[in-house]
Amino acid sequence: MYNNSKVAKAIRLAMIVSASAAATISVPTFAAEAEELESVERISVTGSRIKRAELSTPSPILTIDAQELVRFGNPDLGSMLAELPALGATSTIIGNNNDGAEAGVSSVDLRRLGTKRTLVLINGKRHVAGSPGSAQVDLSTIPAALIERVEVITGGASAVYGSDAVSGVVNVILKKDFDGLEFNLTGGNSTESVGNENYTFNVLGGTDIADGRGNITFFAGIEDTTEVMSSAVRQWDNWGTVNNPDNTGEEDGIFDKFRRPNVGSEMINDFGVMNPFSGDRFTFDKDGNRQDACSRGLDNSFAFGEMEAGCGDRGFFTEQYENYIPGVQRTTIGSTINYEITENINFFGDVKYTRADIQQQFQPSFRFGSIDINVADNAFLSDEARAELGGTGTASMAKFFGELGNRSSNHTRDLFRFVGGFDGFFSLGDTDVDYELFYVYGETSNNRVSENDLIPGNLAAGIDSVIDPDTGKAVCRSQLESAQDADYSDPATVDAGSCVAYNPFGFAQSSPEALDWVSADVTRKDVIKQEVIGGSLAGDTGAFFELPGGAVGIAAGFEYRTESSSTITDELTKSGATTNSATPDEFGEYDVTEMFVEVSLPLLSGKFLAEELTLDGAYRYSDYSHAGSVDAWKVGMVYAPIADLRFRGTYGAAVRAPNISEAFSPTSPGFARVSDPCDADNIFDDPDRVSNCAALGIPVGFEANDNVSIDTLSGGNDALTPEESTSLTIGTVWTPSYLENFSVTLDFYDIEIEDAIIEVKAQDIADNCVDATGGPDAVYCGAVDRDPTSGDIDLVRSGFLNASAYNTSGIDVEMRYNFALDSLGAPGELYLKLFVNKLLELEQFEFQDRPDEINVEVGETGDPEWQASISATYNLDDLSVTWQSRYIDRVVTYDVSPGGDIAEDQEFGYIPSVTTHDLSFNYIVSENVKVNAGLRNIFDKLPKGWTNNPMYDLVGRRAYAGVTVNF
């Protein structure tokens, strides 16, 4: 049994505030813990399966409770957690706004090591993924109204929880045993007309059953988040970089590039551009009348530059088409049950169903100079344009087909999850042993439709229009009898006999039938399934023996888990008839059997200079059907020389097995943007490039056409092995007895990952081809195809490899102080909290066998050196008011890696520090009614318009309010 001495109680009090994170332990929770000091209970906490005094573990734990979640004014849990310095915003609902497969998915990225290295649990158990081929849990499927608290443990936790816990664990604890009926309505919106409206309505009901031996709880809720287009973000103005014509070279004291708004392209637009790549280009108005093309000032690249004022629709700007926030409509229903069958056997069950409809916008389909216009015969070309084009021959045209509609990505995502099992205890002598047996089934089904994709063959046939001499009407050339001679080849690829003449000049000048004939929707269906069977035992040796510090805590158990994922694509897309990637169907599955054991050894307690000395250890053995067997382990220590001061630390080895996509995805075509390393703007970024590019036959001063997507081929690798990592955390907690309710925690963390699985990006392959010392790298150059005439990159082949390494380290410092104001002659209580994170190291070796090629992230956009938050909460009777501030350090927008960029490379190559302020209040109107409201970003502080990084608040000032009614 656990020691209930004054020492243990002092330790408990010290640890109440030891979670080193930007989380807030609510004021009522803090006060209750202090008041209940005399009753030290054993509970389960994240990071250990051994029940112990709350938060008395060697690893720092972040805790966020329900009261804190309300202050975010946001229904999405992933976006809330992303505001904490320990987590990145890379895969939130905004971070995924340019990803078709993950539209509407919101996940956590702990320590910025990737979502796939962060394990998410619900009540300590795994949850089915929301993204195909991965273990990435969609936190938006967990209604905030159901959450009791969220616990986060940083550092490798694979020994306790298994694969995917390389950077740590996020454990969401849900409410249970609810008695009564609760209605909750919340809503929020921008006060600056950005239009990010959201609202939720939830009903939570519960009742005791069987004379209090059990409880049934039911939940139902709806959520609506309004779509926000990029053009609504006020500070965005199509910012980009342009070349400085006065630049004379590296380190000449002159900026290489200027940063300017209104960067776009005059070579393509919604109305069509003739001769887009020549100096005699022209365009059209909406009705198809000839107009002068836009002119540019300074160049960004071949295709982009600074557009003249008033260019408007005659140019192309990316922001006019894309989402900042996708639209989401979600419905969730669920129920839980707990029933005490006997005194020591309890049945529990949890079932949930959620359905989300997500609307996400992408650029329309386009053809960049690959449209051929028969000048002499085209039925829709005006006489003025025909004459300017010379009257005969073939002319090139570029066009965005916005008239078809955006390539909208509409998702219908259904998730079902069931958890059931038994828990309880049995006695061995005077010792109670806790047990649990459980089963989890989860399934995510996602029907995604990418609308309005082009069928290039049909488009070519429809645009090749002529006047039918018999009717005087425009028809496809392929429809005339004269076109059926042996020399004519119909370009149509789908339903060729039904060609409809297409007018590409202007906007929406074609018939609805023509629009339908040249376009199609792409449909894919993802199905992800998970099953888990597990059990555990936990107890101590109190009935048999004790160490000087108390009984030894022991936990052991097993898990068997199966994971599968499939993606089925429609036959039209698989045929390659559309511009969408002709991806094959994907399927993969694996199973894993795991066994684990954990011990806690209380070596000393209540001794001179040893108020507590406890050692912990954990070991897990896992056998994967696709990756073999692996081991993970962890050791930890807690040492308190005096009651006011304690030290804690952990060191362990963690693993991550390859996920389904990494191991099983078939070779598939795709597209990528590649900045050609042999381009004159890039060739001096590595000392080996000049000679290697010359060896490839690339001429001096080469200007690549690299502002368009190039073809890629990529796929999984069934020879992948698990990643391996080591993690170290060392910390201290100081709670001076002479200053009641004051605490300071300081924790250092260090995580190193070897053999990290990465999908080698097309850009990395192109770079590694010419960055090798001693000549071009034959392996990587062999994966790059260049046009033999122009020298431009045409195709890059890529895939997954155990090739990379990651290192990250930093320091978290937290101070808390709560006190009554009566000593100052004022009513109420004040609760203060300061949290500071210092990022010491975050670096990736894209290829660990090339240690000189290091990618340093510290101080770059998304990874500031310093982050901080401070809050002050004032409580007076039924009113609680909180002021909270968030600080993000200045970052640069260029590559700070050795051999990377320098400040001279780009004017305004940084984002200044940003500090935002929030104000919120909660008021208990009556026993049954509570209200809350708040303002986020009160002073409407926005980052510079040239960043779209999701860690920043890009919306600005917004208000929210809510009401909760209980019966």
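This write-up is about the structure you can find in this document.

Reading the values: the criteria
Residues numbered from 1 in each chain as written. Predicted model: local features only at pLDDT ≥ 70, side-chain atom pairs only at ≥ 80, totals over all residues. Heavy atoms only, no water. Helix = DSSP H or I, 4+ residues; strand = E, 2+ residues; numbered from the N terminus. Buried < 20%, exposed > 50% of the residue type's maximum accessible area, 1.4 Å probe, protein only. Contact = heavy atoms within 4.5 Å. Core = buried A, V, L, I, M, F, W, Y, C linked by side-chain atoms within 4.5 Å. Disulfide = S-S within 2.5 Å. Pairing = 2+ DSSP bridges. Phe/Tyr/Trp six-rings, centres within 6.5 Å; stacked < 30°, edge-to-face > 60°. Lys NZ or Arg CZ within 6 Å of the ring centre and 35° of its normal. Patch = residues over 30% accessible without salt bridge, like charges linked within 9 Å, V, L, I, M, F, W, Y side chains within 5 Å. Areas by Shrake-Rupley, 256 points an atom, 1.4 Å probe, with all protein chains shown as cover. Salt bridge = Lys/Arg side-chain N within 4 Å of Asp/Glu carboxyl O. Polar contact = N/O pair within 3.5 Å; in protein donor to acceptor, adjacent residues only side chain to side chain.

Turning next to the environment of glutamate 752. Topologically, glutamate 752 is positioned in strand S40 (residues 742-759). Glutamate 752 sits in the partly exposed class, given a relative accessible area of 36%. In this structure glutamate 752 touches Glu724, Ser725, Thr726, Tyr806 and Asn807, once residues within four positions along its chain are discounted.

Within the largest apolar cluster, 34 residues are counted, with the highest numbers of intra-cluster contacts made by Ile753, Ile765, Ile793 and Val796. Every element with two or more residues in this core is listed here: S40, helix H12 (762-771), helix H13 (778-781), strand S42 (793-820) and strand S43 (829-845). Non-local contacts of isoleucine 753, meaning those with residues more than four positions away in its chain, are made with Leu113, Arg117, Val166, Glu723, Glu724, Ser725, Ser804, Ala805, Tyr806 and Asn807. Membership of the second largest hydrophobic core comes to 28 residues, among which are Leu77, Leu146, Leu174 and Phe219.

With that out of the way, let us pick up the state of the cysteines. A complete count under the given rule lists four disulfides for this structure. Paired through a disulfide, cysteine 678 and cysteine 693 show a sulfur-sulfur distance of 2.0 Å. Between cysteine 678 and cysteine 693, the disulfide has an S-S torsion of -85 degrees and is therefore left-handed. On the criterion of sequence distance, the pair formed by cysteine 678 in the loop between strand S37 (668-672) and helix H11 (689-695) and cysteine 693 in helix H11 is long-range, its members being 15 residues apart. Each member of the pair, cysteine 678 as well as cysteine 693, carries the same accessibility label: buried. Across the disulfide, cysteine 769 is cross-linked to cysteine 781 (sulfur-sulfur distance 1.9 Å). Linking cysteine 769 and cysteine 781, the disulfide has an S-S dihedral of approximately 95 degrees and is accordingly described as right-handed. Taken together, the positions of cysteine 769 in helix H12 and cysteine 781 in helix H13 put the pair twelve residues apart, joining distant regions of the chain. By the burial criterion, cysteine 769 is buried, and cysteine 781 matches it.

Here we come to the sheet that holds strand S7 (residues 125-126). Judged by pairing direction, the sheet is mixed, and its five strands sit side by side in the order S3-S8-S9-S6-S7 without closing on themselves. A strand with exactly one partner marks an edge of an open sheet, and here the two such strands are strand S3 (61-65) and S7. Both S3 and strand S8 (residues 147-154) contribute to a ladder of five bridges, which runs antiparallel. Counterpart to isoleucine 61 in the pairing with S8 is isoleucine 153.

On to the packing of aromatic side chains, then. The description of an aromatic ring pair rests on the distance of the ring centres and on the angle between the ring planes. In this structure the tally under the stated criterion is 27 aromatic pairs. Both rings, one in tyrosine 639 and one in phenylalanine 647, keep their centres 6.5 Å apart while their planes meet at 20 degrees; by these two values the pair is stacked. Exposure remark for tyrosine 639: the relative accessible area of 25% places this residue in the partly exposed category. Ring geometry for phenylalanine 908 and tryptophan 946: centres 5.7 Å apart, planes at 15 degrees, overall stacked. Of this pair, phenylalanine 908 sits in the loop between strand S47 (891-892) and strand S48 (910-911) while tryptophan 946 sits in the loop between strand S50 (929-936) and strand S51 (958-966); the two residues are 38 residues apart in sequence, bridging distant segments of the chain. Clustering of aromatic rings is evident, with ring pairs tying together Phe304, Phe316, Tyr321, Phe366 and Phe400. Lying over the aromatic face of phenylalanine 401, lysine 399 brings its terminal NZ or CZ to 5.8 Å of the ring centre. Sitting above the plane of the tyrosine 910 ring, arginine 890 keeps its charged end 4.3 Å from the centroid.

This paragraph deals with the pairing of strand S32 (residues 553-569). Relative to S32, strand S31 (residues 519-540) is paired through 17 bridges, and the arrangement is antiparallel. Bridging across to S32, arginine 524 finds its partner in threonine 569. Inspection of the sheet shows S32 paired to strand S33 (residues 586-607) by 15 bridges, in the antiparallel sense. When the sheet's bridge partners are listed, alanine 556 is paired in S33 with valine 597.

Another aspect to go through is a nonpolar patch on the surface. Where nonpolar side chains cluster on the molecular surface, the patch consists of Phe218, Ile333, Val351, Tyr353, Phe416 and Phe418 and spans about 470 Å² of accessible area. Residue assignment for the nonpolar patch shows that the elements contributing at least two residues are strand S24 (345-360) and strand S27 (409-428).

Summarising the sheet, strand S34 (residues 610-624) and strand S35 (residues 628-642) pair through 13 bridges and their orientation is antiparallel. Opposite leucine 613, over in S35, you have tyrosine 639 as the bridge partner. Sheet analysis places S35 next to strand S36 (residues 645-656), joined by eight bridges and oriented antiparallel. Considered in S36, the bridge of methionine 637 is made with glycine 649. Counting the residues that bridge the hairpin from S35 to S36 gives two residues.

Let's shift gears to unusual backbone geometry. Glycine aside, a negative phi is what most residues show, and trans is what most peptide bonds show. The backbone phi angle of alanine 210 is positive, close to 55 degrees, even though this residue is not glycine. As for its position among the elements, alanine 210 is in the loop between strand S11 (198-209) and strand S12 (214-225). The class of alanine 210 is partly exposed, set by a relative accessible area of 34%. Its identity is not glycine, yet asparagine 262 carries a phi of approximately 65 degrees, on the positive side. Here asparagine 262 shows up in the loop between strand S15 (257-260) and strand S16 (263-264).

All right, on to the environment of threonine 729 then. For threonine 729, the location among the structural elements is in strand S39 (residues 723-734). As a C-alpha pair, threonine 729 and asparagine 855 span 126 residues in sequence and 24 Å in three-dimensional space. Leave out the neighbours within four places in its chain, and threonine 729 touches Pro60, Thr154, Arg648, Gly649, Thr650, Phe748 and Tyr749. A distance of 2.6 Å separates the side chain of threonine 729 from the side chain of threonine 650, its partner in a polar contact.

The next thing to look at is the pattern of salt bridges. A complete count under the given rule lists 42 salt bridges for this structure. Across the salt bridge formed by arginine 957 and glutamate 192, the nearest N and O atoms sit 2.5 Å from each other. Of this pair, arginine 957 sits in the loop between S50 and S51 while glutamate 192 sits in the loop between strand S10 (180-190) and S11, placing them 765 residues apart in sequence. Looking at glutamate 192, the relative accessible area reads 23%, which means it is partly exposed. One salt bridge in this structure joins aspartate 767 and arginine 689, with 3.5 Å as the shortest N-O distance. One end of the pair, aspartate 767, is in helix H12; the other, arginine 689, is in helix H11, with 78 residues separating them in the sequence. On the basis of relative accessible area, arginine 689 is assigned to the buried category, the value being 7%. Through salt bridges with shared partners, a single network forms among Lys116, Arg117, Arg656, Glu662 and Glu723.

It is worth spelling out H12 at this point. With respect to burial, H12 is a largely interior element, nine of its ten residues being buried. Among all positions of H12, only Ala762, Asp764, Ile765, Ala766, Asp767, Asn768, Cys769, Val770 and Asp771 are buried. Buried-residue contacts for H12 involve S37, H11, strand S38 (710-715), H13, strand S41 (784-786) and S42.

Turning next to the sheet that holds strand S21 (residues 305-307). Two modes of strand pairing occur in sheets, parallel and antiparallel, and in both the strands are linked by backbone hydrogen bonds. Pairing is antiparallel in the open sheet, where three strands are placed in the order S16-S21-S20. Of all the strands in the sheet, just S16 and strand S20 (296-299) have a single pairing partner and so form its edges.

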